[in-house]
Structure formats: structure tokens, C-alpha cells
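As a plain string of letters, each chain reads:
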Amino acid sequence: MLTPTAEIMAAAVAAGRGVGAFNVIQLEHAEGLTTGAELAHAPVILQISQNAVRYHGGALDPIGLATLAVARASSAQVAVHLDHADDVALVHRAVELGFGSVMFDASTLPYEQNVAATAEIAKHCHERGVFVEAELGEVGGKDGVHAPGARTVPAEAVAFVAATGVDALAVAVGSSHAMLTRDAVLDLELIAKLRAAVPVPLVLHGSSGVPDELLTAAVEAGMTKINIATHLNKAFTGAVREYLTENPKVVDTRKYLAPGRDAVATESARLLGVLRAS
């Protein structure tokens, strides 16, 4: 069932558990992820990034409306979220379509400009009942940003949240986007300090590179929303590659996309269990 992001996040904070936020690129991702949530008996956040919108020709509506429809049809609690958007018009369109949350990413701007731009987005979204996430201290691995050695300063994080009014904050604590290996080292002490200081839920970006035991430890230290994309894409692609290797004459796309969808369902269900562990 389509569920407000704010509702899912509030329940997770109250229970001290993590929420899996997984990226949608094709319809098969959305279907696999909701199946995974149903298998795990856990809520899930389906994310569509600005890069994914570009992949679909620059229009949010086709993949956005399809993902919302999949969320509504699921028996699990499913939120739909716009991820890593710096295009104000795209944020506004996500709100119009009924997304439960947006992540406005002005982290590449100087601090004061980041604050001003994010505060304006937060005001627009809050007037329409939409949850807002922002980023402070760029998480490594995205095009044009610095290395994963970046760290968010707790005092800056507190000031940023107060100045912008955002509902969740993505922080830099050692993870990096697009990692193909799961050997990232998180600063658990910093996570605990941020959790103690910052009055809104914390978000871990670049979690594909974080091993299971550290994902659980990060949640225990104070992280709530855990973003995972590349790791699930690896599972999808691996299943498709295996099927096509074993069946080289197949041309029906349903034959090889179905194993990819199933792999995403299985792995997302497993990850949701890891994030709920205590």
C-alpha cells in the first residue's frame, strides 16, 4: 500500500530500526522490491533518482506513475521517494504526482547557498505534506564530488537542520556511492555523535559498499534510512547474465528479466532483515 514516507520513518525511529531505501530504474526493480518487502514483512522506500529520470528521457511521469501504481498494489507499506534531485522543477513534479518524499541535493553548493536553496524546497514541500531529505558533507562516489574521507561535522548538521527545516539528513560517515565491493568502513562513533545532536532521522547514502554487520551496527548507532542501489543492481545483472549465458538463443526479454526481478526480491528481503536486526 502506498504509505507516506513520514509515517514509515517515524515508526522506524520509534522502534530503533532501519528502513531500506532501494532504487528503481526499471519497472522490474519496483516489482522485485515490493515483493521483497512482502517477503520480509517490512516497509520499504522505493527511490527514483534524477539520474534514472534522465535515463527515461527526462520525464518523471512514466517511471514515477508506474512505481506509484506498484506501491499501491502491494500488501507491504511502500513509500515513493525522489532521490538526489537538484532540479527544482523535478522536485515540484514529484510532489504533484504524489511522491511521499524528496531528497533535494544542493550539497555541491557553498554552505550558505545550500541552506537557502534547501530551505525554499522544504517550505514548498511542507506546505503540501511532503517529507524532505537533504545532504550535508558530500557522500563520495557521485560524479564530481570528493572522496569518501568526507565527514559531516555535528555542529554544522544541527545548524543546517535548524536553518532549513528538513525532515531527514544524509550525512558523510565513510560510505561511498557506486561501490562494487562491500568493504567500506563506517565511523560508528561519528554516527552516534550525530544521532545525539541532530533532531531528525539520519540517512546513510552509498550503503551498497557496507557489509551486513556494519549496516546493522550503523542502525544501532543511530542511522534510520539506508540507501542501497548498486548492490541490488549487481544481483539483478548477475541473474540476467547467468540466464543469458545458459540460454544464448533466448530473445524474449521476459525470460531473462524475470530472473533479475526475482534476484532483487530475494536480496532486498534479506537486506530488510539485516536492517531490522537488533
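Every value quoted in this text rests on a predicted model; they were computed, and no experiment measured them.

Let's shift gears to the overall build of the chain. Regarding its fold elements, the chain presents eleven helices and eight strands. For 278 residues, the compact-globule estimate of 2.2 N^0.38 gives 19 Å, and the chain sits close to it at 18 Å. Taking the principal axes of its C-alpha atoms as reference, the chain extends roughly 60 × 40 × 35 Å. The 278 residues of the chain split such that 53% are buried. Roughly 11500 Å² of accessible area belongs to the chain as shown, and the carbon and sulfur atoms make up 56% of that amount. Positive and negative charge centroids in the chain, built from 20 and 30 side chains respectively, lie 5 Å apart.

Here eight strands make up a closed barrel; going around it, the order is β1-β2-β3-β4-β5-β6-β7-β8 and the pairing parallel. Each strand axis lies, on average, 25 degrees off the axis of its neighbour in the sheet, ignoring direction. Inspection of the sheet shows strand β2 (residues 44-49) paired to strand β3 (residues 78-85) by six bridges, in the parallel sense. In the strand pairing of β3, Val-44 is matched with Val-78.

The full count for this structure, using the stated rule, is eleven salt bridges. Residue Asp-187 pairs with Arg-151 through a salt bridge whose shortest N-O separation is 3.7 Å. Of this pair, Asp-187 sits in the loop between β6 (168-171) and α8 (188-197) while Arg-151 sits in the loop between β5 (131-136) and α7 (154-164); the two residues are 36 residues apart in sequence, bridging distant segments of the chain. Residue classification places Asp-187 among the partly exposed residues on the basis of a relative accessible area of 27%.

The next point concerns the packing of helix α9 (residues 212-221) against helix α11 (residues 253-276). Two elements in contact, α9 and α11, have axes whose closest approach is 8 Å; the angle formed by their N-to-C orientations is 45 degrees. One way to sum up the angle between α9 and α11 is to call them oblique. The residues of α11 that touch α9, namely those facing Asp-212, Leu-215, Thr-216 and Val-219, are Arg-270, Leu-271, Val-274 and Leu-275.

For the structure shown, the criterion picks out one cavity of 30 Å³ or more. Within this model, the largest cavity holds a volume of roughly 30 Å³. The wall of the largest cavity is formed by Gly-18, Val-19, Gly-20, Ala-42, Pro-43, Leu-272, Leu-275 and Arg-276. Every element with two or more residues in the lining of the largest cavity is listed here: β1 (19-23) and α11. When the residues that make up the lining of the largest cavity are grouped by side-chain class, the tally is five nonpolar, two polar and one charged.

Before going further, it helps to spend a moment on the nonpolar core. In terms of nonpolar packing, the biggest core is built from 71 residues, with Phe-99, Val-102, Val-173, Leu-215 and Met-223 touching the most fellow members. Membership of the second largest hydrophobic core comes to eleven residues, among which are Met-9, Val-19, Ile-45 and Ala-79.

On to the packing of helix α2 (residues 27-40) against helix α4 (residues 61-73), then. For any two helices packed against each other, the geometry is given by the interaxial angle and the distance between the axes. Contact pair α2 / α4: the axes reach a minimum separation of 10 Å and the direction vectors enclose 20 degrees. It follows from the interaxial angle that α2 and α4 lie roughly parallel. Note on packing geometry: the crossing formed by α2 with α4 is right-handed. Note on element contacts: α4 touches α2 through Ile-63, Ala-66, Thr-67 and Val-70, opposite Leu-27, Ala-30, Glu-31 and Thr-34.

What follows is about the side chain of Thr-3. Its place among the elements puts Thr-3 in the segment before α1 (5-15). Look at Thr-3 and you get buried, because its relative accessible area is 5%. Thr-3 has contacts with Ile-8, Gln-77, Val-78 and Ala-79, leaving out every residue within four places of it along the chain.

Let us look at the environment of Ala-40. Within the secondary structure, Ala-40 is located in helix α2. Taking the C-alpha atoms as reference points, Ala-40 and Ala-76, 36 residues apart in sequence, are found 9.2 Å from one another. Other than its neighbours up to four places away in sequence, Ala-40 contacts Ala-269 and Leu-272.

With that settled, the discussion passes to α4. Spacing of three or four residues puts side chains on the same side of an α-helix, whose turn is 3.6 residues. With 13 residues, α4 ought to run about 18 Å at 1.5 Å a step, and its terminal C-alpha atoms sit 18 Å apart, in line with that. All of the buried residues in α4 are Ile-63, Gly-64, Thr-67, Leu-68, Val-70 and Ala-71. Along the long axis of α4, the arc covered by the buried residues comes to 160 degrees, so they all point the same way. Those residues of α4 that are exposed and aimed more than 90 degrees away from the buried face are Pro-62, Arg-72 and Ala-73.

Basis of the calculations
Residue indices follow the written sequence of each chain, beginning from 1 at its first position. Residue-level local features of this predicted model are given only where pLDDT is at least 70; pairs of side-chain atoms are given and counted only at 80 or more, and the full residue set underlies all totals for whole chains, interfaces and linings. Working from all heavy atoms in the structure, the side-chain values ignore hydrogens and water. Under the scheme used here, helices are H or I runs from DSSP no shorter than 4 residues and strands are E runs no shorter than 2 residues, and both carry numbers assigned from the N terminus. The reference for a compact globule is 2.2 Å times residues^0.38; the radius of gyration itself is calculated from the C-alpha atoms. Relative accessibility under 20% of the residue-type maximum defines a buried residue, over 50% an exposed one, and the middle range a partly exposed one, all with a 1.4 Å probe and only protein chains included. What sets the accessible areas is the Shrake-Rupley method with a 1.4 Å probe; for residues, cover comes only from the shown protein chains. The charge count treats Lys and Arg as positive and Asp and Glu as negative. His and the chain ends do not count. In plain terms, the charge of a residue is placed at NZ if it is Lys, CZ if Arg, CG if Asp and CD if Glu. Strand pairing requires that DSSP identify at least two bridges connecting the strands. Helix axes are fitted only over the stretch in contact, all axes being lines through C-alpha atoms; the angle between N-to-C directions runs from 0 to 180 degrees. The term salt bridge refers to a pairing of a side-chain nitrogen on Lys or Arg with a carboxyl oxygen on Asp or Glu at a separation within 4 Å. Each angle receives one of four descriptions, namely roughly parallel if under 35 degrees, roughly antiparallel if over 145, roughly perpendicular if within 65 to 115, and oblique otherwise. Here, two residues are considered to be in contact whenever any of their heavy atoms come within 4.5 Å of each other. A cavity, in this analysis, means grid points on a 1 Å lattice covering only the protein atoms where a 1.4 Å probe fits yet has no way out; a pocket is instead an open set bounded by protein on both sides within 12 Å along at least five of seven lines, and a residue lines either one if it has an atom within 4 Å of a point. Grid points are joined across faces, edges and corners, and a volume is the space filled by probe spheres set on the points. As a working rule, the residues Ala, Val, Leu, Ile, Met, Phe, Trp, Tyr, Cys and Pro are called nonpolar, Asp, Glu, Lys and Arg charged, and the rest polar, with Gly in that last group. Side-chain atoms within 4.5 Å are what join buried Ala, Val, Leu, Ile, Met, Phe, Trp, Tyr and Cys residues into a set we call a nonpolar core. Throughout, a crossing is termed right-handed when the near helix is turned clockwise from the far one, and left-handed when it is turned anticlockwise from it by less than a right angle. To estimate how far a helix should reach, multiply one less than its number of residues by 1.5 Å. The arc in question is traced by the directions running from the helix axis to the C-beta atoms.

Shape descriptors only; they carry no functional weight alone.
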